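Coordinate inspection notes
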Amino acid sequence: MPSQGTSFIVAIDGPAASGKGTLARGLAAKFGFAHLDTGKLYRATALAVLQSNGDPRDAATAAAAAGRLDPVLLAEPRLLDEAVAGAASVVAAIPQVRAALLDYQRNFAAHPPASASGAVLDGRDIGTAVCPDADVKLFVTASTETRAERRFQELRQRGAPAIYRDVLQDMKERDARDTQRQAAPLAAATDAVIIDTTTLDADQAFERASALIARALGSRSR
Ligand code: CDP
């Protein structure tokens, strides 16, 4: 594992549409840290498999795609498609895929780009597996219905056809795959602070997380 160096690491985990991405981007901007949306790595792996007409369930195909991931794919608009999200959670259950993406994530955390003094990584297993020694660990969650409603609104705003019942069903299936898999399942680290956004709005979640980071930064510099 590459050394963590002096980089200040914020690990944010949580299920789909919990608000962790918005929170991660905001915190990175506020503290001048680099941000990595690790879900994009799994989505890009899935997209590469789908584009070559491969089967996302096939371990050898998916691991090969993860091993030669083209960073250009990380900016591909199709990563946002629900079909890609579904396939991402299928490739993400394959241990060889997770292993192939581990070094990239740890390296980003330890040596953030543009000499940033810290990094915010959001995903499913950052506090538990990728960066178990992170300075701050947050687990952002919300009820399944709240998250499905958010994803439904997001899809409609993008002009994508969506039916709430189907979005809710897809989310339940993806949650089940993410929490029940053997390899690094979605889980809160024992030392993570839980932020439930069912009743907190984005600003309140941001204030709470900012205060935790400011305190941890303060105690690190003492
Ligand atoms: O944006 P959303 O929360 O819907 O999904 P995402 O963060 O882009 O992640 C897509 C899928 O990648 C998830 O359903 C997980 O199966 C997988 N993933 C993972 O296994 N580990 C991570 N650190 C990040 C994502």
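1. A closer look at the overall build of the chain
- Across its full length, the chain carries nine helices and five strands.
- Secondary structure of the chain in N-to-C order comes out as β-α-β-α-α-α-α-β-α-β-α-α-β-α.
- The principal-axis extent of the C-alpha atoms belonging to the chain is close to 55 × 40 × 30 Å.
- For the chain, the residues scored as buried account for 47% of the 222 residues in total.
- Surface summary for the chain: the accessible area is close to 10700 Å², and the carbon and sulfur share equals 52%.

2. A look at the packing of helix α7 (residues 144-157) against helix α8 (residues 164-180)
- Across the interface, α7 lies against α8 with an axial gap of 9 Å and an inter-helix angle of 120°. Here α7 lies oblique to α8, going by the angle between them. α7 and α8 meet at a crossing whose hand is right-handed. Contacts from Thr144, Glu145, Arg147, Ala148, Glu149, Arg151, Phe152 and Leu155 of α7 reach α8 at Tyr164, Val167, Leu168, Met171, Lys172, Arg174 and Asp175.
- Across the contact of α7 with α8, the residue classes break down as seven nonpolar, one polar and seven charged.

3. Some details on the pairing of strand β3 (residues 118-123)
- Among the six residues in β3, six count as buried, and that is most of the element.
- Relative to β3, strand β1 (residues 8-13) is paired through six bridges, and the arrangement is parallel. Of the residues in β3, the one forming a bridge with Asp13 is Gly123.
- Two strands pair when backbone bridges link them, and strand β2 (residues 34-37) and β3 are joined in this way by four bridges, in the parallel orientation. The partner of Ala34 across the bridge, within β3, is Ala119.

4. What about the site of the ligand?
- The environment of the ligand is formed by 18 residues, the closest being Arg43, Arg98, Arg151, Arg174 and Asp178.
- At 2.6 Å from an oxygen atom of the ligand is found a side-chain nitrogen or oxygen belonging to Asp178.
- At 2.9 Å from an oxygen atom of the ligand is found a side-chain nitrogen or oxygen belonging to Arg181.
- In isolation the ligand offers 530 Å² of accessible surface; the protein chains occlude 95% of this area.
- With three residues, helix α2 (residues 39-51) is the single largest residue contributor to the shell around the ligand.
- In terms of residue class, the shell around the ligand is built from five nonpolar, four polar and nine charged.

5. A short note on the nonpolar core
- Judged by nonpolar contacts, the single largest core of 35 residues is most densely connected at Val97, Leu101, Leu121 and Cys131.
- Top contributing element to this core by residue count: α2, with six residues.
- If we skip the residues at most four places from it in the chain, Val97 touches Tyr42, Thr45, Ala62, Ala63, Ala66 and Val91.
- By size, the runner-up hydrophobic cluster in this structure holds 20 residues, among which are Ile12, Ala24, Ile195 and Leu212.

6. Topic: the sheet that holds β2
- Reading across the sheet, the five strands line up as β2-β3-β1-β4-β5 and stay open at both edges, with parallel pairing between neighbours. Single-partner strands in this sheet number two, and they are β2 and β5 (193-196). In this sheet, neighbouring strand axes are inclined to one another by 20° on average, regardless of whether the strands run parallel or antiparallel.

7. Remarks on helix α9 (residues 202-221)
- Here α9 is 20 residues long and its end C-alpha atoms lie 28 Å apart, about the 28 Å a rise of 1.5 Å per residue gives.
- Buried within α9 we find Ala205, Ala209, Ser210, Leu212, Ile213 and Ala216. End-on view of α9: buried residues confined to an arc of 165°, all on one side of the axis. Projecting away from the buried face of α9 at angles above 90 degrees are the exposed residues Asp203, Glu207, Arg215 and Ser221.
- Tucked into the core, α9 has its buried residues touching β1, α1 (20-31), β4 (136-141) and β5.
- The N-cap residue of α9 is Asp201: its side-chain oxygen and the backbone nitrogen of Asp203 are 3.1 Å apart.

Conventions used here
- Residues numbered from 1 in each chain as written.
- Predicted model: local features only at pLDDT ≥ 70, side-chain atom pairs only at ≥ 80, totals over all residues.
- Heavy atoms only, no water.
- Helix = DSSP H or I, 4+ residues; strand = E, 2+ residues; numbered from the N terminus.
- Buried < 20%, exposed > 50% of the residue type's maximum accessible area, 1.4 Å probe, protein only.
- Areas by Shrake-Rupley, 256 points an atom, 1.4 Å probe, with all protein chains shown as cover.
- Axes fitted to C-alpha atoms, helices over the stretch in contact; angles between N-to-C directions.
- Parallel < 35°, antiparallel > 145°, perpendicular 65-115°, else oblique.
- Left-handed = near helix turned anticlockwise from the far one by under 90°.
- Contact = heavy atoms within 4.5 Å.
- Nonpolar A, V, L, I, M, F, W, Y, C, P; charged D, E, K, R; others polar.
- Pairing = 2+ DSSP bridges.
- Near = heavy atom within 4 Å.
- Polar contact = N/O pair within 3.5 Å; in protein donor to acceptor, adjacent residues only side chain to side chain.
- Core = buried A, V, L, I, M, F, W, Y, C linked by side-chain atoms within 4.5 Å.
- Expected span 1.5 Å × (residues − 1).
- Arc of directions from axis to C-beta.

Keep in mind that these numbers describe shape and distance, not what the molecule does.
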